Amino acid sequence: AQKITQTQPGMFVQEKEAVTLDCTYDTSDPSYGLFWYKQPSSGEMIFLIYQGSYDQQNATEGRYSLNFQKARKSANLVISASQLGDSAMYFCAMRENWGYSTLTFGKGTMLLVSP
Amino acid sequence: EAQVTQNPRYLITVTGKKLTVTCSQNMNHEYMSWYRQDPGLGLRQIYYSMNVEVTDKGDVPEGYKVSRKEKRNFPLILESPSPNQTSLYFCASSQPIGTGITRELFFGEGSRLTVL
């Protein structure tokens, strides 16, 4: 069974609008972390945001926020005020067991921001 | 500057010719890992290492070898490359979450390998 599911292969959004990229996960471990990475066309992997399973508040980093719904096992990435430079592939990932395990990635969502 | 360095960045080779992709990190990280990225499949883990002399298989280890003789280096070895190993490869490192120091995975810039 997939541990990380990203159901949106592609998303389109207009500049300055907000967009939500979906991510659901599957784990029975109470101690895990959730990550989002951005991969622009140049290929590098850029860390965006992290949410720990015991964190009380949703993580935020500038225009990025993580809508963490633990009971539903979802960790959606919200990008506010989209910019053209946000066009990229976005990956959700999870690490279990306090980090003493591997990082498992979803298949990614391609986001295209139009003017 | 904290970084993960992979070499080569681009390589075209032929079936059966052994090659090694080097990976080095300067952050004293315990954890290192190799991923391959293919269209529509996301990133899949090949091998990982929790510390020196400790390595383990990921999801797609067939056709690959690794070694971790020292903390900073984690080379990926393709003993007899085949065309299905044509892919974009990433090396990454981190401290485990439990240390509370750094949680994200730091990635190298990627190595694009083509096997003819």
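Cut-offs used in this document
- Residues numbered from 1 in each chain as written.
- Chains lettered and ligands numbered in written order.
- Predicted model: local features only at pLDDT ≥ 70, side-chain atom pairs only at ≥ 80, totals over all residues.
- Heavy atoms only, no water.
- Pairing = 2+ DSSP bridges.
- Helix = DSSP H or I, 4+ residues; strand = E, 2+ residues; numbered from the N terminus.
- 1 Å grid on protein atoms, 1.4 Å probe; cavity = no way out; pocket = protein on both sides within 12 Å on 5 of 7 lines; lining within 4 Å.
- Points joined across faces, edges and corners; volume = space filled by probe spheres on them.
- Nonpolar A, V, L, I, M, F, W, Y, C, P; charged D, E, K, R; others polar.
- Contact = heavy atoms within 4.5 Å.
- Buried area = accessible area lost by both parts, 1.4 Å probe.
- Salt bridge = Lys/Arg side-chain N within 4 Å of Asp/Glu carboxyl O.
- Polar contact = N/O pair within 3.5 Å; in protein donor to acceptor, adjacent residues only side chain to side chain.

**Q** Please clarify how the sheet that holds strand β1 (residues 4-7) of chain B should be interpreted in this entry.
**A** Neighbouring strands of a sheet are bound in pairs by backbone hydrogen bonds; such pairs are parallel or else antiparallel. Residues and elements named next belong to chain B. What the 4 strands build is an open sheet, ordered β1-β3-β8-β7; its pairing is antiparallel. Either end of the sheet is taken by a strand with one partner, and the two such strands are β1 and β7 (65-66). Pairing analysis gives 4 bridges linking β1 to strand β3 (residues 19-25), with the strands arranged antiparallel. Bridge pairing in β3 places Gln 6 opposite Cys 23.

**Q** Could you clarify how one ought to interpret empty space enclosed by the protein in this entry?
**A** A water-sized probe, rolled over the atoms, reveals where empty space remains. All names here are of chain B. Throughout the structure, instances matching the rule amount to 1 cavity of 30 Å³ or more. Residue lining of the largest cavity: Pro 8, Arg 9, Tyr 10, Leu 11, Val 21, Tyr 89, Ser 111, Arg 112 and Leu 113, and that is the complete set. Going through the elements one at a time, β2 (10-13) and β11 (111-115) are the ones with two or more residues in the lining of the largest cavity. When residues of the lining of the largest cavity are assigned to their parent elements, the largest contribution, 3 residues, is made by β11. Looking at the lining of the largest cavity residue by residue, the class counts come to 6 nonpolar, 1 polar and 2 charged.

**Q** When you look at the interface of chain B and chain A in this model, what are you seeing that I'm missing?
**A** At the interface, 21 residues of chain B touch 19 residues of chain A. Across the chain B/chain A interface, buried area totals approximately 1800 Å², and carbon plus sulfur atoms make up 65% of it. Seen at the junction of chain B and chain A, the total is 0 salt bridges. The tally of links from chain B across to chain A stands at 4 residue pairs in polar contact (both at pLDDT 80 or more). Those elements giving two or more residues to the side of chain B that touches chain A turn out to be β4 (31-38), β5 (42-51) and β9 (87-94) of chain B. A total of 5 residues in the side of chain B that touches chain A trace back to one element, the largest contributor, which is β5 of chain B. Residues of the side of chain B that touches chain A, tallied by class, amount to 12 nonpolar, 7 polar and 2 charged.

**Q** Is there a simple way to think about the pattern of salt bridges in this case?
**A** Oppositely charged side chains can form a pair if their charged atoms are brought close together. Tallied over the full model, the rule gives 7 salt bridges over all chains. Measuring nitrogen to oxygen at the nearest pair gives 2.8 Å for the salt bridge that ties Arg 63 of chain A to Asp 86 of chain A. Placement of Arg 63 of chain A in the loop between β7 (60-61) and β8 (64-69) and of Asp 86 of chain A in the loop between β9 (74-79) and β10 (88-96) is noted, with a sequence separation of 23 residues between them. For Lys 65 of chain B, the salt bridge is made with Glu 79 of chain B, and the minimal N-O distance between the two is 3.0 Å. Here Lys 65 of chain B is found in strand β7, whereas its partner Glu 79 of chain B is found in the loop between β8 (76-78) and β9, with 14 residues between them in sequence.

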